[in-house]
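Each chain is listed here by its residues.
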Amino acid sequence: MGKNESFILVVNGAFRYLFDAGGIQSEQWFPQAKGNGMDALVMFGYALPEGFEGRFAIDYRRYWFDLNPVPPDPPYVAGGALDQYWGISIGAAWRY
């Protein structure tokens, strides 16, 4: 991206491999639990005077878990879990 462009568009996506599912993977809850995630981002930028740039971004993150309960221990039964997060940011950058 050079100094002469007025607009920018950034699109980003990624897969998130989870090495550890945290507390839900403990012996107390679901020791066989596995999880993964993904994220996506779309950012728009507009060139301002003096080399500055205004930015607006929307991002999305999603994590999913296969809990794999093994009766009778633990006593909880659930097939999976899902977490979703949306974010919005407004910022500025300086291009030199």
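These notes cover the structure that comes with them. Just so it is clear, the model here is predicted, and its values are computed rather than measured.

Parameters and conventions
- Residues numbered from 1 in each chain as written.
- Predicted model: local features only at pLDDT ≥ 70, side-chain atom pairs only at ≥ 80, totals over all residues.
- Heavy atoms only, no water.
- Helix = DSSP H or I, 4+ residues; strand = E, 2+ residues; numbered from the N terminus.
- Buried < 20%, exposed > 50% of the residue type's maximum accessible area, 1.4 Å probe, protein only.
- Contact = heavy atoms within 4.5 Å.
- Salt bridge = Lys/Arg side-chain N within 4 Å of Asp/Glu carboxyl O.
- Pairing = 2+ DSSP bridges.

1. Digging into the environment of Q32
Position of Q32 relative to the elements: it lies in the loop between β1 (7-17) and β2 (34-47). Q32 gets classed as partly exposed once you look at its relative accessible area, which sits at 42%. For the pair Q32 and F19, spaced 13 residues apart in sequence, the C-alpha to C-alpha distance is 13 Å. Residues contacting Q32, with those up to four places away along its chain left out, are D66, L67, N68 and V70.

2. Describing the pattern of salt bridges
Considering all chains together, one arrives at two salt bridges under this definition. Put simply, D39 and R16 hold a salt bridge, and the shortest N to O gap is 2.6 Å. You can see D39 sitting in strand β2 and its partner R16 sitting in strand β1, a full 23 residues away along the chain. Among the residues examined, D39 registers a relative accessible area of 14% and is labelled buried.

3. A few points about the pairing of β2
Sheet topology note: the β1/β2 ladder contains eleven bridges and is antiparallel. For V10, the partnering residue across the bridge sits in β2 and is M43. Note: β2 against strand β3 (residues 52-66), 14 bridges, orientation antiparallel. From the neighbouring strand, G37 faces β3, where its bridge partner is Y63. As consecutive antiparallel partners, β2 and β3 are separated by four residues, and within that stretch E50 has a phi angle of approximately 65°, a positive value.

Honestly, it's all geometry; don't read function into it.
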